[in-house]
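Letter by letter, the chains look like this.
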Amino acid sequence: MENITPENSLEQQQRCLFVCQYRSCLAHGSAEVLAAFEAQEVPGVTVKGSGCQGQCSCGPTVRIVPEETWYCRVQPQDVAAIIEQHLKGGQPIEAKLNPRIHIKITF
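Definitions and cut-offs
Chains are numbered independently. Their residues run from 1 in the order of the written sequence. Only residues with pLDDT of at least 70 get local features here, since the model is predicted, and only at 80 or more are side-chain atom pairs given and counted; chain-wide, interface and lining totals rely on the full set of residues. Neither water nor hydrogens contribute to the side-chain values; these are computed over all heavy atoms in the structure. For each residue, the accessible area found with a 1.4 Å probe, counting protein chains only, is set against the maximum for its type, and the residue is called buried under 20%, exposed over 50%, and partly exposed in between. The numbering of helices and of strands both runs from the N terminus, where a helix is a DSSP run of H or I of at least 4 residues and a strand a run of E of at least 2. Here, any two strands with at least 2 DSSP bridges between them count as paired.

A. Structural detail: the pairing of strand 1 (residues 15-20). Across the six residues that make up strand 1, a large majority, five, are buried. Strand direction decides the pairing type here: strand 1 and strand 2 (residues 45-50), joined by six bridges, are parallel. Residue Cys-16 lies in a different strand from strand 2, and its bridge partner there is Thr-46. The sheet contact formed by strand 1 and strand 3 (residues 62-65) spans four bridges and is antiparallel. Looking at the pairing, Val-19 lines up with Val-62 of strand 3.

Set out below in structure tokens:
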């Protein structure tokens, strides 16, 4: 079992934002989404294009690690809100969360 210390805790890990650049996501505008994220300077977050992330039916897909937040159907106009509200403010954009990964149970 791994020992959790301040040096390797989730809060200490470098955040990385992946924007899928594979076929289906590209066909739905993921190159423009990636460009919109790259145009913004977000301290402590690395932005990268990625290969297929297995969510082809709901792309463009954006995945943020290490917290494993998955956004679906992201468009360039969504980028500013994701940066301000989530990456800087700590509040994910619920309307854009991938429902296959972030399952919401209500009673």
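B. Just unusual backbone geometry, in detail. The omega torsion of the bond from Gly-59 to Pro-60 falls at 0°, within 30 degrees of zero and hence cis. Of note, the bond from Val-65 into Pro-66 is cis; its omega dihedral lies within 30 degrees of zero at 15°. When you line up the elements, Pro-66 lands in the loop between strand 3 and strand 4 (69-71). Positioned with a positive phi, Glu-68 is a non-glycine residue whose angle comes to about 60°. Note on placement: Glu-68 falls in the loop between strand 3 and strand 4. A positive phi is found at Arg-73, a non-glycine position, where the angle reads about 50°. Along the chain, Arg-73 turns up in the loop between strand 4 and helix 3 (79-88).

C. Region of the structure containing the environment of Gly-29. Within the secondary structure, Gly-29 sits in the loop between helix 1 (23-27) and helix 2 (30-38). Gly-29 sits in the buried class, given a relative accessible area of 13%. Sequence separation of Gly-29 and Pro-76 is 47 residues, and the distance between their C-alpha atoms is 8.2 Å.

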